[in-house]
Amino acid sequence: MRVAIYPGSFDPITLGHLDVLRRSLGVFERVVVAVLVNPKKAPMLDVDARVAAIVSGVKEALPDLADRVDVRPFAGLTVDACREVGARYVVRGLRAVSDFEAELQMAHMNHRLAPDIDTVFFMTALEYGYLSSSLVREIVRFGGDPTGMVPPSVAERLVAVAAAEETPVRVR
Ligand code: PNS
């Protein structure tokens, strides 16, 4: 069985990520979405909330494919997470040429660490090419509406988390 891992921070998962996941399921029989636990970063959604957001987002956006998707947290190296789940492929999305340099470096590094593991890139749909998790977080934190950028349940969750955070300082 062809198994791939789709690693990322997913803080939060966006419709662009889900588009890449959908495309990857056209090639791989099973895809494990691996959510990075990075102790050096303070995410907007903690890891359990990110995993829950992905599980519900996959059910909402890709109901017919959900049974071929696993979601799990990981800490450490992506290649080690690959070994744990038996994946020989790493899936990543490319939105624009600007993504390419960093992605190429990561793909080469992962290949150096684990020569039997290859990275496979999928082009994010044009309509999501402008989307990023960091922009979504910024929009929500300043009271903007993330509808159409993330799945509905994730939008609700983000708005609630932003409301519970400290109010941003406003210039009078
Ligand atoms: O969603 P992101 O933040 O672009 O994902 C980056 C991620 C998680 C794929 C990358 O930071 C990663 O693979 N981290 C795990 C640590 C690792 O394996 N580092 C060496 C790869 S170059």
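Okay, so let's go over this structure. Please read all numbers here as calculations on a predicted model, not as lab measurements.

## Here we look at the packing of aromatic side chains
If you walk through the whole model with that rule in mind, you get two aromatic pairs. Here the aromatic rings of Y6 and F10 are separated by 5.2 Å at their centres, their planes lie at 85 degrees, and the arrangement is edge-to-face. A relative accessible area of 3% means that F10 is categorised as buried. Ring centres 5.2 Å apart and planes at 40 degrees place the aromatic pair F28 and Y89 in the tilted group. Of this pair, F28 sits in the loop between helix 1 (15–24) and strand 2 (30–36) while Y89 sits in strand 4 (residues 89–94), placing them 61 residues apart in sequence. Like Y89, F28 is buried.

## Re the layout of surface pockets
Computed from the structure, the largest pocket encloses a volume of approximately 1100 Å³. Together, 44 residues line the largest pocket, and P7, G8, S9, R92 and E103 are the ones closest to its centre. Among the secondary structure elements, those contributing two or more residues to the lining of the largest pocket are strand 1 (3–8), helix 1, strand 4, helix 4 (97–113), strand 5 (118–123) and helix 5 (133–141). The element that contributes the greatest number of residues to the lining of the largest pocket is helix 4, accounting for nine residues. A class-by-class count of the residues in the lining of the largest pocket yields 19 nonpolar, 16 polar and nine charged.

## Focus on the nonpolar core
L21 and L158 are the most contacted members of the largest nonpolar core, which totals 39 residues. Breaking this core down by element, the ones donating at least two residues are strand 1, helix 1, strand 2, helix 2 (47–61), strand 4, helix 5 and helix 6 (152–164). Top contributing element to this core by residue count: helix 2, with six residues. When near neighbours in sequence (up to four residues on either side) are disregarded, L21 contacts Y6, V31, V33, V58, L62 and V69. With 13 residues, the next largest nonpolar core counts A81, C82, A87 and A114 among its residues.

## Some words on a nonpolar patch on the surface
Residues L77, M109 and L113 make up a contiguous nonpolar surface patch of roughly 290 Å² in combined accessible area. Counting through the fold element by element, M109 comes out in helix 4.

## Some remarks on the site of the ligand
Looking at the ligand, the residues that line it are G8, S9, L36, G76, L77, T78, R92, M106, M109 and N110. In this structure, S9 approaches the ligand through a side-chain N or O atom, which is 2.6 Å from an oxygen atom. Separating an oxygen atom of the ligand from a side-chain N or O atom of R92 is a distance of 2.9 Å. Out of a free accessible area of 550 Å², the ligand has 70% covered by protein chains. Judged by the proximity of its atoms to the pocket grid, the ligand belongs to the largest pocket. Examining the composition of the shell around the ligand, we find that three residues originate from one element, helix 4, more than from any other. For the shell around the ligand, the per-class residue count stands at four nonpolar, five polar and one charged.

## Notes on the pairing of strand 2
For strand 2, a buried count of five out of seven residues is recorded, marking the element as mostly surrounded by other parts of the structure. Sheet topology note: the strand 1/strand 2 ladder contains six bridges and is parallel. Looking across to strand 2, one finds that V3 is bridged to R30. Handedness of the crossover joining strand 1 and strand 2 through helix 1 is recorded here as right-handed. Following the backbone out of strand 2, through helix 2 and into the adjacent parallel strand 3 (residues 69–74), one traces a crossover that is right-handed.

## What about the packing of helix 2 against helix 6?
At their nearest, the axes of helix 2 and helix 6 sit 8 Å apart, and the two run at 150 degrees to each other. As far as their axial angle goes, helix 6 and helix 2 are roughly antiparallel. Taking contact as the criterion, the partners of A49, A53, S56 and E60 in helix 2 are, on helix 6, P152, S153, V154 and R157.

The rules behind each value
Residues numbered from 1 in each chain as written. Predicted model: local features only at pLDDT ≥ 70, side-chain atom pairs only at ≥ 80, totals over all residues. Heavy atoms only, no water. Phe/Tyr/Trp six-rings, centres within 6.5 Å; stacked < 30°, edge-to-face > 60°. Buried < 20%, exposed > 50% of the residue type's maximum accessible area, 1.4 Å probe, protein only. Helix = DSSP H or I, 4+ residues; strand = E, 2+ residues; numbered from the N terminus. 1 Å grid on protein atoms, 1.4 Å probe; cavity = no way out; pocket = protein on both sides within 12 Å on 5 of 7 lines; lining within 4 Å. Points joined across faces, edges and corners; volume = space filled by probe spheres on them. Nonpolar A, V, L, I, M, F, W, Y, C, P; charged D, E, K, R; others polar. Core = buried A, V, L, I, M, F, W, Y, C linked by side-chain atoms within 4.5 Å. Contact = heavy atoms within 4.5 Å. Patch = residues over 30% accessible without salt bridge, like charges linked within 9 Å, V, L, I, M, F, W, Y side chains within 5 Å. Areas by Shrake-Rupley, 256 points an atom, 1.4 Å probe, with all protein chains shown as cover. Salt bridge = Lys/Arg side-chain N within 4 Å of Asp/Glu carboxyl O. Near = heavy atom within 4 Å. Polar contact = N/O pair within 3.5 Å; in protein donor to acceptor, adjacent residues only side chain to side chain. Sits in = over half its atoms within 2 Å of the grid points. Pairing = 2+ DSSP bridges. Right-handed = clockwise from strand over helix to strand, strands pointing away. Axes fitted to C-alpha atoms, helices over the stretch in contact; angles between N-to-C directions. Parallel < 35°, antiparallel > 145°, perpendicular 65-115°, else oblique.

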